[in-house]
Amino acid sequence: GLRWDLVVIDEAHRLRNVYKPSNVIANTLKLALAEAPKLLLTATPLQNSLLELFGLVSFVDERTFGDLKSFREQFANLSDRAAFDTLKARLRPLCFRTLRREVLPFVRFTERRAILEQFTPEDDEDQLYQLVSEYLRRDNLQALPARQRSLMTLVLRKLLASSSFAIAGSLDALIRRLRAKLRQAEPPEPLEAELDEEYEALDETAEEWPAEEGVEAEPLSEASRAAIEQEIADLEQFRALALSIKENAKGKALLVALERAFAEAQRLGAARKAIIFTESRRTQEYLVRVLSDSPFRDGLALFNGSNTDEGSRRIYAEWLARHAGTDQVTGSKTADMRSALVDYFREQGQIMIATEAGAEGINLQFCSLVVNYDLPWNPQRIEQRIGRCHRYGQQHDVVVVNFLNRKNEADQRVFELLAEKFQLFE
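Residues numbered from 1 in each chain as written. Predicted model: local features only at pLDDT ≥ 70, side-chain atom pairs only at ≥ 80, totals over all residues. Heavy atoms only, no water.

Strand order in the open sheet made by the six strands is β3-β8-β7-β4-β6-β5, with parallel pairing throughout. Of all strands in the sheet, those with a lone pairing partner are β3 (112-119) and β5 (300-303), marking the two edges. Neighbour-to-neighbour, the strand axes of this sheet turn through a mean angle of 20 degrees, independent of strand direction. In the sheet, strand β4 (residues 274-277) pairs with strand β6 (residues 351-354) via four bridges, with the strands oriented parallel. Across the sheet, the residue bridging to Phe 277 is Ala 354, located in β6. In this fold helix α15 (residues 333-347) packs onto β4, β5 and β6, with an angle of close to 150 degrees to the strand it touches most, β5. (Pairing = 2+ DSSP bridges. Helix = DSSP H or I, 4+ residues; strand = E, 2+ residues; numbered from the N terminus. Axes fitted to C-alpha atoms, helices over the stretch in contact; angles between N-to-C directions. Contact = heavy atoms within 4.5 Å.)

Grouped together as the largest cluster of nonpolar side chains are 34 residues, with contacts concentrated most on Leu 128, Tyr 135, Leu 144, Ile 167, Leu 174 and Leu 235. For this core, the secondary structure elements donating two or more residues are α6 (123-136), α7 (149-162), α8 (164-182), α9 (191-198) and α11 (222-244). Considering every element that reaches this core, the biggest residue donor is α8, with eight residues. (Core = buried A, V, L, I, M, F, W, Y, C linked by side-chain atoms within 4.5 Å. Buried < 20%, exposed > 50% of the residue type's maximum accessible area, 1.4 Å probe, protein only.)

In the Ramachandran plot, Glu 11 falls in the positive-phi region, its phi being about 50 degrees despite a non-glycine side chain. Relative to the assigned elements, Glu 11 resides in the loop between β1 (7-9) and α1 (24-32). Looking at Glu 11, the relative accessible area reads 25%, which means it is partly exposed. At Asn 307, a residue that is not glycine, the phi angle is positive and equals roughly 50 degrees. Turning to its location among the elements, Asn 307 is positioned in the loop between β5 and α14 (310-323). What makes Asn 307 buried here is its relative accessible area of 6%.

Topologically, Ala 265 is positioned in helix α12 (residues 249-267). The sequence separation of Ala 265 and Arg 338 amounts to 73 residues, and the corresponding C-alpha distance is 25 Å. With sequence-adjacent residues up to four places away left out, Ala 265 is seen in contact with Ala 270 and Ala 271.

This part covers the environment of Ala 317. Locating Ala 317 in the fold gives a position in helix α14. On the accessibility criterion, Ala 317 (44% relative accessible area) is partly exposed. When the C-alpha atoms of Ala 317 and Glu 279 are compared, they prove to be 27 Å apart, with 38 residues separating the residues in sequence.

This brings us to α12. Taking 1.5 Å per residue, 19 residues should reach 27 Å; α12 reaches 27 Å between its end C-alpha atoms and fits that length. For α12, the complete set of buried residues consists of Ala 249, Lys 250, Gly 251, Ala 253, Leu 254, Ala 257, Leu 258, Ala 261, Phe 262, Glu 264 and Ala 265. Gly 269 lies just past α12 and shows a positive phi near 80 degrees. (Expected span 1.5 Å × (residues − 1).)

Okay, the layout of surface pockets next. Considering only enclosed or pocket space, the largest pocket measures out at about 2,300 Å³ in volume. Around the largest pocket, the lining comprises 49 residues; the ones closest to its centre are Thr 42, Ala 43, Thr 44, Pro 45 and Thr 98. Counting residues per element, the ones that place at least two in the lining of the largest pocket are β2 (38-40), α2 (51-60), α4 (81-91), α5 (100-103) and α17 (379-387). Of the residues in the lining of the largest pocket, the class split is 25 nonpolar, 11 polar and 13 charged. (1 Å grid on protein atoms, 1.4 Å probe; cavity = no way out; pocket = protein on both sides within 12 Å on 5 of 7 lines; lining within 4 Å. Points joined across faces, edges and corners; volume = space filled by probe spheres on them. Nonpolar A, V, L, I, M, F, W, Y, C, P; charged D, E, K, R; others polar.)

When you line up the elements, Leu 364 lands in the loop between α16 (356-359) and β7 (369-372). Look at Leu 364 and you get buried, because its relative accessible area is 0%. Sequence separation between Leu 364 and Glu 117 is 247 residues, and the spatial gap between their C-alpha atoms is 23 Å. Apart from residues no more than four positions distant in its own chain, Leu 364 is found in contact with Ile 275, Val 342, Phe 345, Arg 388, Cys 389, Arg 391 and Gln 394.

Below, the discussion takes up the pattern of salt bridges. Counted under the stated rule, the structure contains 23 salt bridges. Between Arg 281 and Glu 200 there is a salt bridge, and its shortest N-O distance comes to 2.5 Å. Of this pair, Arg 281 sits in helix α13 (residues 281-292) while Glu 200 sits in the loop between α9 and α10 (202-208), and the two are 81 residues apart along the sequence. You can call Glu 200 buried: its relative accessible area is 11%. Between Glu 279 and Arg 381 there is a salt bridge whose closest N-O contact spans 3.2 Å. Residue Glu 279 is located in the loop between β4 and α13, and its partner Arg 381 is located in helix α17; the two are separated by 102 residues in the primary sequence. Across the pair, exposure class does not vary: Glu 279 and Arg 381 are buried alike. (Salt bridge = Lys/Arg side-chain N within 4 Å of Asp/Glu carboxyl O.)

Shown next, in the form of structure tokens:
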């Protein structure tokens, strides 16, 4: 193989789970680069567990901590001062942390300003929320795989808070699974593969969420058949309600929030450009419909993991024609599609609607308005979103818009934690 003088890996937090054998990409890279000196760069090194630190360090040097078992034994309790000091001492030669305040003399960072837009769901939306929430709290759920119940419950709650359109698609997937179960057939694909279509942050969310012990499925008795049939009937009722809802209160609140936020951006002298983040593709489609019927209809672009919609294909074709024969075209469709969409947004777009997949690795210093249509519950992911715009080269204060459902206590609690504990938005 090649002999590298130095390997520099950006967005290196993607390697943090290398200590899990199931993480094939990270382990393949670790093996291939075992002999090379490495420099890992990341702005978001840890998510939830100290073992991720073990993972990143082992990628650079296997000898620092020895094996996983001894690392666990030594550093399980960091409230023990001696263990804490040992950990710091071991990290010192390997790990360098540059704080924002250390670079302020050399790099100008603008401020962040938060705008909160509150909304109250209509009665039918509220009813849907209550029904699905109660369903997710039942003791025995046939539709969710036992070993992923808490993860799948979390994802369904996120989709429920995102839009009625997002949850309708997921209810469909659950109904299909239960029908297959009645036929005693394997479902056509695992639930996570179906929900991945709806909720692009599924992989990241699964990494943040510990796996559960599964319970063996029992053969279908008459009682279980009856339970499944009842659950299908309930889900069909929820889906019918979701499909009957044509407008969402949060969608209307978005139009009000954009008015306010664009006025604030204008006051700060910034361009009329906004990036709107959602966690669901169906919500993304709904937002296109809402914005297409509004004063904000011009210069809309979508950004997600596949970018197969008509608008993206057209932007891509025009970009390819314009750059044919130059080295801007890399030949990787994924990379070129991303470049085409970012160039369009910079040069003529007004609003980009992006999913989590769009949040990583693109630079939007020319945009200073970030709208969190849905909020991830993980502060690191929000930081990454805002960091697309609030970064080196940003000339203006960045305005961050968040929504708060007056009737959703979970949403309110999460927002309070993110706003107060992390002061994320300021």
